[in-house]
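# Survey of secondary and tertiary structure
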Amino acid sequence: MRKHLRFQAYGEAGAPPVAALLPVVRPADSAELPDIVRESDGGTLVLADCRSGMDLQRMHVQLSVVEARLGMVEGTIRIIASAADSAVAVLGLPGYAGKSPRLAGLTWCRADLAADLGCDPQSATLEHARWQVVIAARAAGVPAYDCGPDMAESGNAWEDFVLASRRLGFYGIATGR
């Protein structure tokens, strides 16, 4: 079964949040891409392990070929890049602006980055990467999605996380990693 991530926009105060379950693709999944595109219902994919704007461009080209083979309009499939999952990826964050009109957002994975850096998941080092995701997303003109706790959590901890995330400039949250 293919992995999916749940994306939720925070929405305006008092308004119900907008949520979507999106399929995850990795740069090495090119052989499976036609099936993943069919599964996405012509919507948006999450490009995990994206190290730079070059990975985004490569996926853009691969999606153009798949769309042509499936009789779809080029550019139909959008991409949210998980763009800060390793040290190399964090250093590549400035390179997303202007790389693909398919780019629909940037996100990151705290657990993957912590493992790559060999640090605690609560390390302040990870907060620096988190801030950089917001800056890179703004530079690219797309929303930034924070990596956070399961949305099933409720109460003060969830509300505090959402408030802090919004204050940093995140548009929403990605969960399910």
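Everything in this summary refers to the structure shown in the same document.

Cut-offs and rules
- Residues numbered from 1 in each chain as written.
- Predicted model: local features only at pLDDT ≥ 70, side-chain atom pairs only at ≥ 80, totals over all residues.
- Heavy atoms only, no water.
- Salt bridge = Lys/Arg side-chain N within 4 Å of Asp/Glu carboxyl O.
- Helix = DSSP H or I, 4+ residues; strand = E, 2+ residues; numbered from the N terminus.
- Buried < 20%, exposed > 50% of the residue type's maximum accessible area, 1.4 Å probe, protein only.
- Disulfide = S-S within 2.5 Å.
- Phe/Tyr/Trp six-rings, centres within 6.5 Å; stacked < 30°, edge-to-face > 60°.
- Core = buried A, V, L, I, M, F, W, Y, C linked by side-chain atoms within 4.5 Å.
- Contact = heavy atoms within 4.5 Å.
- Expected span 1.5 Å × (residues − 1).
- Polar contact = N/O pair within 3.5 Å; in protein donor to acceptor, adjacent residues only side chain to side chain.

### Quick look at the pattern of salt bridges
According to the stated counting rule, one finds eight salt bridges in the structure shown. Linking Glu67 and Arg102 is a salt bridge whose minimum nitrogen-to-oxygen distance equals 2.7 Å. Of the two residues, Glu67 sits in helix α2 (residues 53-69) while Arg102 sits in the loop between α3 (87-91) and β5 (103-107), which places them 35 residues apart along the sequence. Taken individually, Glu67 and Arg102 each receive the classification buried, so the pair is uniform in this respect. A network of salt bridges, in which partner residues are shared, links Arg110, Glu127, Arg130 and Asp146.

### Here we look at the state of the cysteines
As enumerated under the stated definition, the model contains zero disulfides in all. Free cysteine: Cys119, not disulfide-bonded; nearest cysteine sulfur from Cys109 at 12 Å.

### Looking at the packing of aromatic side chains
In the structure shown here, the tally under the stated rule is two aromatic pairs. An aromatic cluster is defined as three or more aromatic residues linked by ring pairs; in this entry it consists of Phe7, Tyr145 and Tyr171.

### Details of the environment of Ala9
Looking at where Ala9 falls in the secondary structure, it is placed in strand β1 (residues 4-9). With a relative accessible area of 9%, Ala9 lands in the buried category. Separated by 136 residues in the primary sequence, Ala9 and Tyr145 have C-alpha atoms spaced 8.0 Å apart.

### Regarding the nonpolar core
Core analysis: the biggest nonpolar cluster contains 39 residues, and Leu33, Leu63, Leu93, Tyr96, Leu106, Trp108 and Val133 have the highest contact counts within it. Contributing elements (two or more residues each) for this core: α1 (33-39), β3 (44-47), α2, β4 (78-82), β5, α4 (110-117), α5 (124-140) and α6 (156-168). Broken down by element, the residue count for this core peaks at six residues, all from α5. The contacts of Tyr96, once residues within four sequence positions are left out, are Cys50, Arg51, Ser52, Gly53, Leu56, Ala81, Ala83, Leu103, Leu106 and Ala140.

### Section: α2
One full turn of an α-helix is made of 3.6 residues, so residues set three or four places apart face in the same direction. For α2, with 17 residues, the first-to-last C-alpha span of 25 Å sits near the 24 Å given by 1.5 Å per residue. Listing the buried residues of α2 in full gives Gly53, Asp55, Leu56, Met59, His60, Leu63, Ser64, Val66 and Glu67. Just downstream of α2 lies Gly71, where phi reads positive at about 75 degrees.

### Section: the side chain of Glu67
Residue class for Glu67 comes out buried when judged on its relative accessible area of 0%. Separated by 2.8 Å, the side chain of Glu67 and the backbone nitrogen of Gly75 make a polar contact.

On their own, these measurements won't tell you what the molecule is for.
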